[in-house]
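# Summary of structural features
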Amino acid sequence: MTRYLCIHGHFYQPPRENPWLEAIEQQDSAYPFHDWNERIAAECYRPNGAARILDEDRRISRIVNNYTHTSFNFGPTLLSWLERCDAETYRTILAADASSRERFSGHGAALAQAYNHIILPLANRRDKRTQVRWGIADFVHRFGRPPEGLWLPETAVDLESLEELAEAGIAFTILAPHQASQVRKIGASDWLKIEGAAVDTKQPYRCNLPSGRSIALFFYDGVIANEVAFRNLLEDGEAFATRLTGGFTENGGPALVHVATDGETYGHHHRFGEMALAYALDKIESRGQARLTIYAEFLEKFPPTHEVEIREDTSWSCAHGVDRWRADCGCHSGGQAGWTQAWRGPLREALDWLRDTLEPLFETHLAPLCPDPWGARNAYIQVILDRTPERIRAFMREQAGRDLVPEEAIKTLRLLELQRHALLMYTSCGWFFDEVSGIETTQILAYAGRAIQLAEEVCDVSLEEAFRSRLEGAKSNLSRWGNASRVYVEKVQRSRIYLDRVAAHHAIVASLDPVCPDENSHRHDIGCYAAEDCKIDRFPSGRMQLTVGHARIRSKITWNEQEFSFAVLNFGGHNITAGVGPYQHREDFTGLRQALREDFEKSDLPAVIRQMDRHFGSRTYNLWHLFKDEQRRVVQQLMAQTLAEIEESFGSIYANHFPLMRFLNEIGVPIPKPLAIPVELVLIGQVRHLLETGQSRPNQLQSLAAEIEKLDITLDEPMLGLAAGRQLVKQMEKLARTPQNLALMLTVIETLEVLKNLPIHPDLWRAQNLYWKIHREESGQPEGEWRDAFQRLGDCLQMRIV
């Protein structure tokens, strides 16, 4: 028997971008990271591109790219984020697919995915087609080749979805074993009914479709997959290897043991899971226990000898088919006792109503501009992937058959964006969890809100009230919310953005920046908006300041734009008020600027406010209206002086009472909190400053470490661990550029040795990668002082390179 082994990872995160800004805003629950994408990238996506294999002493002996040895798919929206925000990991993934083609007989390891992870059996045929076409186009754009396989979100399947895959040229997909209904040998007449998940998973099957097409199906080993995902199999690489090879049975022919799980299993759900995976695959291959393969290669070598019929409307994560995304089926993620998910049905019904209402509006309004509106939607992925003005104009010329005038171009883009958000609002995570007010459900409601806004702007129709009325049936488990309608009003409707809100954000930020970049570049990017042709004048007076200016605000997505004038009155600190209105003409603006300046310089603030009210109206803006990330930055900036005063006060407590605190600690007397808290904050601040300044000062760090040890201080370990890791990366990057710099190497060693005395766990991942890079490039160095120091550095980094 020839043994083949394939591990598939489905790497995916729901899109988290604010639908109006097209950017992910701060998510406090991901601390110390900015957001969950950033956190999971650090815990999973990056580590799998450089997984550690340990020796018998648990030192790192090799670093390997798991993606080159496994089958994988990445959600297109996640890849889009990685491309923008983690280019190194993005390149690692693409490179892995390219190198895997050499390893696997010309077949690449990567699979495509239906675009934004909607449950395809619950979608209409038109949406299925767009999801599949967008997923394939995204894949080709990134990986430079057509995909052979495509991952169905949640492996949710029906024949119509398989028809779409086959029509698009997809050769195979992967399903859970319980999704097989009956099988028979090709050419035989009698079917063998499959009970439960008893299908033979070690071979591919041909699924014949009503159209006459067919597609190959692989049913993964559900028992091993469950142990990988939900038990402790990844705690030991050797045990993992043994379990995988134990999946083979002696049946005389070629056999494929294959496992499919969420890719995040390896590192995020199970810490160091990527290391167990790397170790297991390395050992299995080096011992000759099985040949590593991927689905496309195995399918080419061993075409199906049997055919299968599927259980329609089933998935891998719902025991009730696909009810987890439309009903209170009992599947949940562990919410509180007494909670129900009865909200799922009304939520889907509300979104279906919105989709079905938007479709004829889209068709009616776009048809005069683009003869084939739905063909244009399918092709719109070209714009999503490349929003340069040249690409957008070419796209509209292709779809319209002519050059569109600006008003027509804006209308076309708004209508296509309306449909993009109508697809995004079906992202599966919105139903997966336990509570309708959760961040995942709020996210899909935000996409719905953006689609409704675009319909109002381009179709002159109001859908908000009817949509909210339907959401009232989606009852929350929390009395605070009541139902999804209230969630929508408080979390979505109040966050809706128009161009004047962007102008207000620009005005307030510009007024607070000591040197606004607009004065030099005449452009300020704000998410997917641009403030252009900016003009700003500041008139300071003590702690107060008046700022007057104008700017043109333009959407880089839909191209609509408007010019605004603004005035910002800063009373000092966080007390800021701003007025924003349409820019009429230069003379009006010049008169406003002069009148405001005269009243302000006379310290007649009531007159300034009256002028602003007359010109801009009664609606004003303040720090509350800043977008979240900039709001945080501005508030921290405003708090800096207050914090400095507090730190100075705490510093005197620390200086005056440190000996007393050390004495109390030595005799075992608890340190009173009024003394302990100021000292902790001072010491933590000093450590953080040393780690973030970019300067290596091991002696000062050593002194702080000694004081912390004496007082048994509790540190902010996650934050300082990240800061320490970043400091080490800076030093290691310098060393990688000048590897012969022995003095620098000794400084890095000293820093690492000091950090061992602090109660933090430095993030060594990038530093270890750089050490591995230096090792490969400097492997010919002779024995001597450099080699000894390099080995010592490896010991500090928990690496032992032979």
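Residues numbered from 1 in each chain as written. Predicted model: local features only at pLDDT ≥ 70, side-chain atom pairs only at ≥ 80, totals over all residues. Heavy atoms only, no water.

### Observations regarding the pattern of salt bridges
- Enumeration according to the criterion identifies 53 salt bridges in this entry.
- The salt bridge involving Arg496 is made with Glu456; its shortest N-O contact spans 3.6 Å. Of the two residues, Arg496 sits in the loop between helix H18 (484-492) and helix H19 (499-512) while Glu456 sits in helix H16 (residues 439-459), which places them 40 residues apart along the sequence.
- What emerges from the salt-bridge pattern is a single network uniting Arg125, Lys128, Arg129, Arg133, Asp158, Glu160, Glu164 and Glu167. (Salt bridge = Lys/Arg side-chain N within 4 Å of Asp/Glu carboxyl O. Helix = DSSP H or I, 4+ residues; strand = E, 2+ residues; numbered from the N terminus.)

### Considering the pairing of strand E3 (residues 60-64)
- Two strands pair when backbone bridges link them, and strand E2 (residues 51-54) and E3 are joined in this way by four bridges, in the antiparallel orientation. Following the sheet pairing, Leu54 is matched in E3 by Ile60.
- Adjacent in sequence and paired antiparallel, E2 and E3 are bridged by five residues, among which Arg58 carries a positive phi angle near 65°. (Pairing = 2+ DSSP bridges.)

### Digging into the packing of aromatic side chains
- Tallied over the full model, the rule gives 26 aromatic pairs.
- An angle of 80° between the planes, with centres 6.0 Å apart, marks the rings of Phe72 and Phe74 as edge-to-face. For the residue pair Phe72 and Phe74, the accessibility class agrees, reading buried in each case.
- One aromatic cluster in this structure is built from Phe11, Tyr45, Tyr67, Phe72 and Phe74.
- Above the face of the Phe432 ring, Arg324 is positioned so that its terminal group lies 3.6 Å from the ring centre.
- One Lys or Arg, Arg344, reaches over the ring of Trp343 and ends 5.8 Å from the middle of that ring. (Phe/Tyr/Trp six-rings, centres within 6.5 Å; stacked < 30°, edge-to-face > 60°. Buried < 20%, exposed > 50% of the residue type's maximum accessible area, 1.4 Å probe, protein only. Lys NZ or Arg CZ within 6 Å of the ring centre and 35° of its normal.)

### Quick notes on the confidence of the model for the protein
- Residue-level pLDDT values for the protein average 90, and 91% of them are 70 or greater.
- Note that residues 517-521 has pLDDT below 50 and, in this model, 10 contacts with residues that lie over four places away or in other chains. (pLDDT = per-residue confidence, 0-100. Contact = heavy atoms within 4.5 Å.)

### Observations concerning helix H22 (residues 605-616)
- Spanning 12 residues, H22 covers 16 Å between terminal C-alpha atoms, matching the ideal 16 Å at 1.5 Å per step.
- The set of residues buried in H22 consists of Leu605, Ala607, Val608, Gln611, Met612 and Phe616. Projection of H22 onto a plane perpendicular to its axis shows the buried side chains occupying an angular sector of 160°, all on one side.
- Buried residues along H22 sit against strand E17 (544-555), strand E18 (561-570), strand E19 (576-582) and helix H21 (586-601).
- Looking at the residues trailing H22, positive phi occurs at Gly617, about 90°. (Expected span 1.5 Å × (residues − 1). Arc of directions from axis to C-beta.)

### Some remarks on helix H4 (residues 125-143)
- The end-to-end C-alpha separation of H4 is 27 Å, in line with the 27 Å expected for 19 residues at 1.5 Å each.
- For H4, the set of buried residues is Asp127, Lys128, Thr130, Gln131, Val132, Trp134, Gly135, Ile136, Asp138, Phe139, Arg142 and Phe143.
- In the stretch just after H4, Gly144 is the one whose phi turns positive, near 70°.

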